[in-house]
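Residue-level structural notes
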Amino acid sequence: MIKLNLVLFGPPGAGKGTQSNFLIERYGLVHLSTGDLLRAEIKAESELGLQAKTLMDRGELVGDDIVIGMIRNKMEAHLDAKGFIFDGFPRTHAQAEALDVMLDAKNEPIVAMLALEVPEEELVTRLLGRGATSGRTDDQDEAVVRNRIREYEKKTAPLKDFYSAQGKFKAINGVGSIADITERLVKAIG
Ligand code: AMP
């Protein structure tokens, strides 16, 4: 059986987490969000969590080895999954390469990279709005929010070319109602 391995891609605030929830239900997938995994480490006050927190609070990326290791562990814990949704991962070229190596070894490649596209000012409004209610400290400070968007543009957005070269990149308009955006994603998955 071909596994439905998807990368849900986009800048912070594009709606990756929200849309993941619909897609995991619809297709029976396992959700792998490195942001959620890191926040769980922070909550557990682990060594890794403490290291990651300083970077996350500044809106900078956590080291590649840390997030790649977390993804590897989770994939090994779900060998019978129908597929994975990678949310917030990969965020760098090194992460994308490492993911391909892990998936190629199992002959279960990424099927599509779905990129939610949202204008920057809308992202800032959404993130600061979320910060007011979610308690996420990295969503509460405009300078940190803008730094995360800069990090995305500099290190993560170039991955569109990486997946384009594999014929897997699909741009999705990320502005509109949640239901409309889900429908666009479902259509793109085909
Ligand atoms: P997110 O919940 O995806 O917005 O991630 C929150 C923060 O966790 C980011 O701003 C980064 O500091 C860190 N983070 C999450 N995923 C990654 C990743 N794949 N690579 C590096 N840092 C990450």
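Because the structure is predicted, anything quoted here is derived from the model rather than measured.

Parameters and conventions
- Residues numbered from 1 in each chain as written.
- Predicted model: local features only at pLDDT ≥ 70, side-chain atom pairs only at ≥ 80, totals over all residues.
- Heavy atoms only, no water.
- Pairing = 2+ DSSP bridges.
- Helix = DSSP H or I, 4+ residues; strand = E, 2+ residues; numbered from the N terminus.
- Axes fitted to C-alpha atoms, helices over the stretch in contact; angles between N-to-C directions.
- Contact = heavy atoms within 4.5 Å.
- Near = heavy atom within 4 Å.
- Polar contact = N/O pair within 3.5 Å; in protein donor to acceptor, adjacent residues only side chain to side chain.
- 1 Å grid on protein atoms, 1.4 Å probe; cavity = no way out; pocket = protein on both sides within 12 Å on 5 of 7 lines; lining within 4 Å.
- Sits in = over half its atoms within 2 Å of the grid points.
- Nonpolar A, V, L, I, M, F, W, Y, C, P; charged D, E, K, R; others polar.

One open sheet accounts for five strands, arranged S2-S3-S1-S4-S5; its pairing is parallel. Since the sheet does not close on itself, it has two edges, and those belong to strand S2 (30-33) and strand S5 (169-173), each with one partner. Within the sheet, the average angular offset between the axes of one strand and its neighbour, ignoring direction, is 20°. Across five bridges, the pairing between strand S1 (residues 5-9) and strand S4 (residues 110-117) is parallel. Within S4, the residue paired with Leu 6 across the bridge is Ala 112. Against the sheet, helix H2 (residues 34-43) engages S2 and strand S3 (84-87), with an angle of about 70° to S2. Along the sheet, helix H9 (residues 178-189) makes contact with S1, S4 and S5, crossing S5 at roughly 160°.

As a matter of local geometry, the ligand sits amid 16 residues, with Thr 34, Arg 39, Glu 60, Gly 88 and Gln 95 nearest to it. In the environment of the ligand, an oxygen atom lies 2.6 Å from a nitrogen or oxygen atom belonging to the backbone of Glu 60. Here a nitrogen atom of the ligand sits 2.9 Å away from a polar atom, N or O, in the side chain of Arg 91. Among the detected pockets, the ligand sits in the largest pocket. Of the residues forming the shell around the ligand, the biggest block, four residues, is contributed by H2. Looking at the shell around the ligand residue by residue, the classes come out as six nonpolar, four polar and six charged.

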